[in-house]
Amino acid sequence: ELKVEQNPLFLSMQEGKNYTIYCNYSTTSDRLYWYRQDPGKSLESLFVLLSNGAVKQEGRLMASLDTKARLSTLHITAAVHDLSATYFCAVEGTASKLTFGTGTRLQVTL
Amino acid sequence: EPEVTQTPSHQVTQMGQEVILRCVPISNHLYFYWYRQILGQKVEFLVSFYNNEISEKSEIFDDQFSVERPDGSNFTLKIRSTKLEDSAMYFCASKASGRGTGELFFGEGSRLTVL
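Along each chain, residue indices are assigned from 1 in the same order as the chain's sequence is written. Chain labels run from A onward and ligand labels from 1 onward, assigned in the order the entries are written. With the structure being a predicted model, the display of local features is reserved for residues of pLDDT at least 70 and the display and counting of side-chain atom pairs for 80 or more, all residues being used for whole-chain, interface and lining totals. Side-chain metrics rest on all non-hydrogen atoms present in the structure, leaving aside hydrogens and water.

**Q** Would you mind going over the overall build of chain A with me for this structure?
**A** For chain A, the helix and strand inventory stands at zero helices and 11 strands. Relative to a compact globule of 110 residues, whose C-alpha radius of gyration would be 13 Å, chain A shows 13 Å and is just as compact. Only protein chains enter the accessibility calculation, which uses a 1.4 Å probe; a residue is then buried when its area is under 20% of its type maximum, exposed when over 50%, and partly exposed in between. Counting across all 110 residues of chain A, residues that qualify as buried make up 47%. Residue pairs at least 24 apart in sequence account for 52% of intrachain contacts in chain A once pairs closer than 6 positions are excluded. Note on areas: Shrake-Rupley with a 1.4 Å probe; residue coverage comes only from the protein chains shown. Put simply, chain A shows about 5300 Å² of open surface, and 49% of that area lies on carbon and sulfur atoms. Counting 11 positive and 10 negative side-chain charges, chain A places the averaged centre of each group 2 Å from the other. Secondary structure elements follow DSSP: runs of H or I no shorter than four residues count as helices, runs of E no shorter than two count as strands, and numbering proceeds from the N terminus. Values of the radius of gyration come from C-alpha atoms, whereas the globule rule sets the reference at 2.2 Å times the count of residues to the power 0.38. Should any heavy atoms of two residues lie within 4.5 Å, those residues are counted as being in contact. Residues scored as positive are Lys and Arg, those scored as negative are Asp and Glu, and His as well as the terminal groups of each chain are ignored. Taken as the charge centre is NZ of Lys, CZ of Arg, CG of Asp or CD of Glu, depending on the residue.

In C-alpha cells:
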C-alpha cells in the first residue's frame, strides 16, 4: 500500500524567510502533484512532477522530485502572507488514484 | 476554461437519510473520481470510475456508497444511509487519460453535514 508522509505538519514562518516542505512516499510512482488548499476551498493544482530530477518553479514556489529517494520538496522563497494555506503532496498510483500526504499548514506572519 | 462542477455546495441531512452528490466532469474526460476530506484532515480516495464501471475503490467505499454515470454527463455519488462520520467535504475529479498521463481536475467540493 502506497504511503505518503509530509513534514512538517505545521509551519509558521516570517515574511521574507525561506523554508522547505518535504514529501516522502513508499513505492514507485508515475507522478507527483503539489496542491494548495485555502480554508473551506478546493484543491488548487500547483505542480505536476513527472520524472526524476524534475524541477518546476512558479513565483516563490519551487518543487523538485527525486524518484530514487522517493522524495519531493516544495521550497518557499522569501515567503509572503498570501502564501498562507495548507499544502498537500499527492502521489499517483494504480487506476490513477492519488494518495495524499497529511498536508502542511503554512502560516506566514507579517 | 473547462471545469468540474459539483452540486450542491452544501447539504445538511439527518442521520439515516440518503444523499446524492452530483458532479459534471469536464466534457471530454473519461476517468472520474470521488475523494473526501474530513474537516482538518487529509484528502482520501474513495472510488475511481472508467468505462461505466468502478476501477478501484477504497475501504471507505463500503456498501452504503455507490456511483453512477446516469446520462453521459453527470457523475453521482450516493450514500444510502448517512452516518455522522460521513460528514466531510466530497470532491469530484476528472481526467482525460489514464495512469501516468493527463492532469486531474478537481471540483469545488460538496460539503455534507450529517446531524
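**Q** Quick question: what am I supposed to make of the pairing of strand E11 (residues 104-109) of chain A here?
**A** A regular strand places its side chains on the two faces of the sheet in alternate fashion. Residue and element names in this part refer to chain A. Only one face of E11 is covered, namely the one carrying Thr104, Leu106 and Val108; the face carrying Arg105, Gln107 and Thr109 has none of its residues buried. Two strands make a pair as long as DSSP finds a minimum of two bridges between them. Relative to E11, strand E2 (residues 10-14) is paired through five bridges, and the arrangement is parallel. Bridge pairing links Met13 to Val108 in E11. When strand E9 (residues 85-92) meets E11, the two strands line up antiparallel, connected through three bridges. Residue Tyr87 lies in a different strand from E11, and its bridge partner there is Thr104.

**Q** What is the right way to look at the sheet that holds strand E1 (residues 5-7) of chain B in this model?
**A** Within a sheet, adjacent strands bond to each other through the backbone by hydrogen bonds, running parallel or antiparallel. Residues and elements named next belong to chain B. Sheet architecture is open: four strands sit in the order E1-E3-E8-E7, paired in antiparallel fashion. Two strands bound the open sheet, and with one partner strand each, they are E1 and strand E7 (65-68). Direction aside, the axes of adjacent strands within the sheet are offset by 15° on average. Here, axes are lines fitted to C-alpha atoms. For helices the fit covers the stretch in contact, and angles between N-to-C directions go from 0 to 180 degrees.

**Q** Would you take a moment to explain the state of the cysteines for this structure?
**A** Two cysteines, two sulfur atoms, one covalent bond between them: this is a disulfide. Whenever a pair of cysteine sulfur atoms sits within 2.5 Å, that pair is classed as a disulfide. Per the counting criterion, the structure on display carries two disulfides over all chains. Here Cys23 of chain A connects covalently by a disulfide to Cys89 of chain A, the sulfurs 2.0 Å from one another. Between Cys23 of chain A and Cys89 of chain A, the S-S torsion sits near 80°, and that sign places the bridge as right-handed. Placement of the pair is Cys23 of chain A in strand E3 (residues 19-25) and Cys89 of chain A in strand E9, with a sequence separation of 66 residues. Assessed through its relative accessible area of 0%, Cys89 of chain A is described here as buried. Across the disulfide, Cys23 of chain B is cross-linked to Cys92 of chain B (sulfur-sulfur distance 2.0 Å).

**Q** Whenever I open this one, the side chain of Thr82 of chain B confuses me. Can you help?
**A** Residue and element names in this part refer to chain B. Secondary-structure assignment places Thr82 in the loop between strand E8 (75-79) and strand E9 (88-95). Judged by its relative accessible area of 1%, Thr82 is buried. Here Gln14 takes part through its backbone oxygen, which lies 3.2 Å from a polar atom of the side chain of Thr82. Excluding its chain neighbours within four sequence positions, the residues that come into contact with Thr82 are Thr13, Gln14, Met15, Gly16, Gln17, Val19 and Val114. Throughout this description, a polar contact denotes any pair of N or O atoms lying within 3.5 Å of each other; where both atoms belong to protein, one of them has to be capable of donating a hydrogen while the other can accept it, and for residues adjacent in sequence the pair is counted only when both atoms sit in side chains.

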